[in-house]
Amino acid sequence: MSMFQELKICLLGDSGVGKSSIVQRFVHNTYTRNKENTIGASFMSKTIVHNKETYKLCIWDTAGQERYRALTPMYYRNSASIIIVYSIDSKQSFDSLKSWLKELKLRDSDKLNVLAIAGNKVDIKEKRQVTYKDGKAFADEYDAIFFETSAKTGQCVNDLFFTIVSKIPKNSNNPNNLISTQQTTTSLTGNSNKSSGCCNGGNNDRNIRL
Ligand SMILES: Nc1nc2c(ncn2[C@@H]2O[C@H](COP(=O)(O)OP(=O)(O)O)[C@@H](O)[C@H]2O)c(=O)[nH]1
Ligand SMILES: [Mg+2]
């Protein structure tokens, strides 16, 4: 019987850096200019095949939570990976990485499997305030995966998620995350009927108001 692994991935980072846009690009391959802020948390899932293994990625976007950092641990708890996003046109969002990391260490470091850092909006190079070199050096310090991405053009968005999956130790997230595909998946790229686990219900897209 073939099995697949469910992986929870959580995005953190300052408001406006493009977290929701990265998720939208990855899950739907679309982009919305002047995206409206979402209140609450947004959740999406996507099933991918990597090295002949099937993974259901449950992606939690901490939309609107940036100002209420005390609330974020519930989103990144039990995550197989955390992506911290900054925008290459905002030195301030880059400087915030440190405080996001400090927050993680204080509350939940032992459960963090794979850390990734994304320098988003690489399509607007003319407004760049953070060099590639500085971003990469910072990520290296924390053994983090690093990509400069653009949700607008799609540059490196898939690479970001596929590299994360390739680095997650097999079944490390939670032994209960191994799901029989025969029982729960309707298609490799589409929806799942699953009713429990880190995807929290099985709806592919949803917003949760707090
Ligand atoms: N030029 C450019 N703009 C982006 C990119 N990603 C997001 N944006 C824009 O930045 C703003 C904030 O994006 P959003 O995804 O809501 O950021 P979030 O608050 O971190 O979720 C929106 O107006 C987006 O259209 C990108 O890769 N390039
Ligand atoms: Mg958002």
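Now for a quick tour of the structure. (Residues numbered from 1 in each chain as written. Chains lettered and ligands numbered in written order. Predicted model: local features only at pLDDT ≥ 70, side-chain atom pairs only at ≥ 80, totals over all residues.)

With respect to the overall build of the protein
Thought 1: A tally of helices and strands in the protein yields 6 helices and 8 strands.
Thought 2: Ordered by position in the sequence, the α and β elements of the protein form the string β-α-β-β-α-β-α-β-α-β-α-β-α-β.
Thought 3: Taken over 210 residues, the protein has a buried fraction of 42%.
Thought 4: In the protein, the share of contacts with a sequence separation of at least 24, taken over all contacts with a separation of at least 6, comes to 72%. (Helix = DSSP H or I, 4+ residues; strand = E, 2+ residues; numbered from the N terminus. Buried ≥ 20, exposed ≤ 12 C-beta atoms within 10 Å, placed from the backbone. Contact = placed C-beta atoms within 7 Å.)

Details of the site of ligand 1
Thought 1: Close to ligand 1 lie 18 residues, the nearest being G18, K19, S20, S21 and A151.
Thought 2: Split into classes, the residues belonging to the shell around ligand 1 amount to 4 nonpolar, 8 polar and 6 charged. (Near = placed C-beta within 6 Å. Nonpolar A, V, L, I, M, F, W, Y, C, P; charged D, E, K, R; others polar.)

What about the pairing of strand β1 (residues 3-13)?
Thought 1: Most of β1 is tucked away: 10 of the 11 residues are buried.
Thought 2: Pairing between β1 and strand β3 (residues 53-61): 8 bridges, direction parallel. The residue of β3 that forms the bridge with I9 is I59.
Thought 3: Two strands pair when backbone bridges link them, and β1 and strand β4 (residues 81-87) are joined in this way by 5 bridges, in the parallel orientation. (Pairing = 2+ DSSP bridges.)

Regarding the environment of I168
Thought 1: Checked against the element boundaries, I168 lands in the loop between α5 (157-167) and β7 (178-180).
Thought 2: Judged by the 18 C-beta atoms lying within 10 Å of it, I168 falls in the partly exposed class.
Thought 3: Separated by 53 residues in sequence, I168 and L115 have C-alpha atoms that sit 9.8 Å apart.
Thought 4: What I168 contacts, discounting residues up to four positions off in sequence, is L7, A80, S81, N113 and V114.

Here we look at helix α1 (residues 19-28)
Thought 1: In terms of burial, α1 is largely enclosed, as 8 of its 10 residues are buried.
Thought 2: Taken residue by residue, α1 has K19, S20, S21, I22, V23, Q24, R25 and F26 as its buried positions.

Some words on the pairing of β4
Thought 1: In terms of burial, β4 is largely enclosed, as 7 of its 7 residues are buried.
Thought 2: In β4, alternate side chains face the same way, and those of S81, I83, V85 and S87 on one face and I82, I84 and Y86 on the other are all buried.
Thought 3: As judged from the 7 bridges shared by β4 and strand β5 (residues 114-120), these two strands associate in the parallel manner. Among the inter-strand pairings, I82 is bridged to a residue of β5, identified as L115.

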